[in-house]
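Read off the chains here:
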Amino acid sequence: MSCLGHSDPAIKKRTLQLLVVLASADNVGSVVDNILGHVKRQEGDCSQVVEQVAALVERFGENLDWKASTMLRVVQVSKDKQRDQMTEKLKFLLANPLSEDKDPATVLELNRVRNKLRSLLANIVEKGLKGKAAPVAVITLHIWCEGQFSNLDEEDLDQVMDSVVSLGREHLQHPEIIHNCLYAIQKLITRNCQVSQSAEEFLSDCSKSDDEVIKQTATEVLLVKSNMKHSVKHPPSLIPQDWTLSFLDNLVSKSLEEGAKPYIPKSCRLEQTKRRQTRASSPQLHLTPYNVLKLTDTPTQSRDVSFCSQSGADGPAQVWTVEGRVGTPNKEEMKDGKMIEMDNKVKTCGMEMALAGDWE
């Protein structure tokens, strides 16, 4: 780490390469902090290092709060087109559709991080940063969060849209902000099928813009608004739902008559596989570790369990199952015959510190 402060640029460059190679799940926090701190002090092109740091976050990051905070710092030190790419990576991290299918605890943590980021961005956009107006990258990310994560069940839709429109009208000289405003309005329309009066006026004005990209985007949003009004004629709650999927009955019966194989649940498939593999003439497969002595085969008073055994008097641990080999626990240690899980503490840099830094 100390070589990053060396006066020789070649040594600094080689040190960065080695740090990326030596990064692991145990030290990724400190490695990323040192690399980003070094990149922030450099004036040359560090795009390759920034790309490698983003890859380390995706590969080793387990804590969602740390990953979001670190990606914010990556966006902060990146420049030009790479900043747009890193921003898209952060957006995908927060709005990945696959993350909604995980366990409730993961979804709850995801929503907490989303709300935290949205609150911090709104505060910076409103009050500025270090006596100056909020950077364009922060404003665009804030507008995107308003469209994606606003709670329309508790918040007023008109108020959310009015805040987005207000930011767009205040920054007409920045096309990227206008684009994000239009996409945020489109997202809000698709989520609630409604649009505020100020948003309609903003869309109408943008559809007459001299910028062809803004004009085309506004026209597309107006078409989405028109289609949503025509497609949703009744409240979703009043539309009858066929949860039995009876409309597939004819298709299923026809396929079975033509010789298609019926669906067999996974549990039944496993039982059948087990029966097919069991033969009377074949020796029984042992699923216990080879270095564990059976308690029933040794005199209990004269010999104890082998010192190589990790299961002790509780019996041998199961190594193989029908589905494959049982994974071994990570980051655990033996103490007094019991498994003690070690806390994996990673040095973190919160979102507040990441957003409070210098933005170019």
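For clarity, every value in this text was computed on a predicted model and none was experimentally measured.

Student: Describe the overall build of the chain, with residues and values.
Tutor: Assigned secondary structure in the chain consists of 14 helices and four strands. Across the chain, every contact between residues at least 6 apart in sequence was considered, and the portion connecting residues at least 24 apart equals 63%. On the chain, roughly 24,300 Å² of surface is accessible, and the fraction owed to carbon and sulfur atoms is 52%.

Student: Give me the lowdown on the pattern of salt bridges, citing residues and values where you can.
Tutor: Summed over all chains, the structure comprises nine salt bridges. Note that Lys-89 is salt-bridged to Glu-58, the shortest N-O span being 3.5 Å. Placement of the pair is Lys-89 in helix α5 (residues 80–95) and Glu-58 in helix α3 (residues 47–60), with a sequence separation of 31 residues. Given a relative accessible area of 29%, Lys-89 falls into the partly exposed group. A salt bridge links Asp-65 to Lys-116; the shortest N-O distance between them is 3.3 Å. Pair noted here: Asp-65 is in helix α4 (residues 64–77) and Lys-116 is in helix α6 (residues 104–127), with a separation of 51 residues, a long-range link. Judged by its relative accessible area of 23%, Lys-116 is partly exposed. Connected through shared salt-bridge partners, Asp-65, Glu-109, Arg-112 and Lys-116 make up one network.

Student: How would you explain the packing of α4 against α6 if you had to name every residue and give the values?
Tutor: Packing of α4 against α6 brings their axes to within 9 Å, and their N-to-C directions diverge by 35°. For the crossing formed where α4 meets α6, the hand is right-handed. Counting all contacts with α4, which are made through Leu-64, Asp-65, Ala-68 and Leu-72, the residues of α6 involved are Glu-109, Leu-110, Arg-112, Val-113, Lys-116 and Leu-117.

Student: Give me the lowdown on the nonpolar core, citing residues and values where you can.
Tutor: Core analysis: the largest hydrophobic core is formed by 72 residues, its most contacted members being Ile-35, Leu-182 and Ile-185. Those residues in contact with Leu-182, other than ones at most four positions away along the chain, are Phe-202, Leu-203, Cys-206, Ile-214, Thr-217, Ala-218 and Val-221.

Student: I'd like a description of the side chain of Ser-207, backed by residues and values.
Tutor: With respect to the secondary-structure elements, Ser-207 resides in the loop between α10 (197–206) and α11 (212–231). At a separation of 2.6 Å, a polar atom in the side chain of Ser-207 contacts the main-chain carbonyl oxygen of Ser-204. What Ser-207 contacts, discounting residues up to four positions off in sequence, is Lys-215, Ala-218, Thr-219 and Leu-222.

Student: Talk me through the packing of aromatic side chains; I want residue IDs and the actual numbers.
Tutor: Aromatic ring pairs are reported here in terms of the distance separating the ring centres and the angle at which the planes meet. Scanning the entire structure with this criterion turns up one aromatic pair. Here Trp-144 and Phe-149 contribute two aromatic rings whose centre-to-centre distance is 5.2 Å and whose plane-to-plane angle is 85°, an arrangement assigned as edge-to-face. A single burial state applies to Trp-144 and to Phe-149, both of which are buried.

Student: Could you give an account of the packing of helix α2 (residues 28–41) against α3, naming the residues involved and the relevant values?
Tutor: It is at 11 Å that the axes of α2 and α3 come closest, and there the two elements cross at 160°. Taken together, α2 and α3 sit at an angle that is classed as roughly antiparallel. The hand of the α2/α3 crossing is left-handed. Along the contact surface, α2 presents Val-28, Val-32, Ile-35, Leu-36 and Val-39, while α3 presents Val-49, Val-50, Val-53, Leu-56 and Phe-60. Of the residues that constitute the contact of α2 with α3, the class distribution is ten nonpolar, no polar and no charged.

Student: Pulling in residues and values, what's your account of a nonpolar patch on the surface?
Tutor: A contiguous nonpolar patch, built from Leu-245, Phe-247, Leu-248, Leu-251, Val-252 and Leu-256 and spanning about 560 Å² of accessible area, is present on the exposed surface. You can see Leu-245 is positioned in the loop between α11 and α12 (249–257).

Student: Now, about the state of the cysteines: what can you tell me, with residues and values included?
Tutor: Summed over all chains, the structure comprises zero disulfides. Sulfur of Cys-206: no disulfide; nearest cysteine sulfur belongs to Cys-181 and is 8.1 Å away. For Cys-206, a relative accessible area of 7% translates into the label buried.

Quick notes on the rules
Residues numbered from 1 in each chain as written. Predicted model: local features only at pLDDT ≥ 70, side-chain atom pairs only at ≥ 80, totals over all residues. Heavy atoms only, no water. Helix = DSSP H or I, 4+ residues; strand = E, 2+ residues; numbered from the N terminus. Contact = heavy atoms within 4.5 Å. Areas by Shrake-Rupley, 256 points an atom, 1.4 Å probe, with all protein chains shown as cover. Salt bridge = Lys/Arg side-chain N within 4 Å of Asp/Glu carboxyl O. Buried < 20%, exposed > 50% of the residue type's maximum accessible area, 1.4 Å probe, protein only. Axes fitted to C-alpha atoms, helices over the stretch in contact; angles between N-to-C directions. Left-handed = near helix turned anticlockwise from the far one by under 90°. Core = buried A, V, L, I, M, F, W, Y, C linked by side-chain atoms within 4.5 Å. Polar contact = N/O pair within 3.5 Å; in protein donor to acceptor, adjacent residues only side chain to side chain. Phe/Tyr/Trp six-rings, centres within 6.5 Å; stacked < 30°, edge-to-face > 60°. Parallel < 35°, antiparallel > 145°, perpendicular 65-115°, else oblique. Nonpolar A, V, L, I, M, F, W, Y, C, P; charged D, E, K, R; others polar. Patch = residues over 30% accessible without salt bridge, like charges linked within 9 Å, V, L, I, M, F, W, Y side chains within 5 Å. Disulfide = S-S within 2.5 Å.

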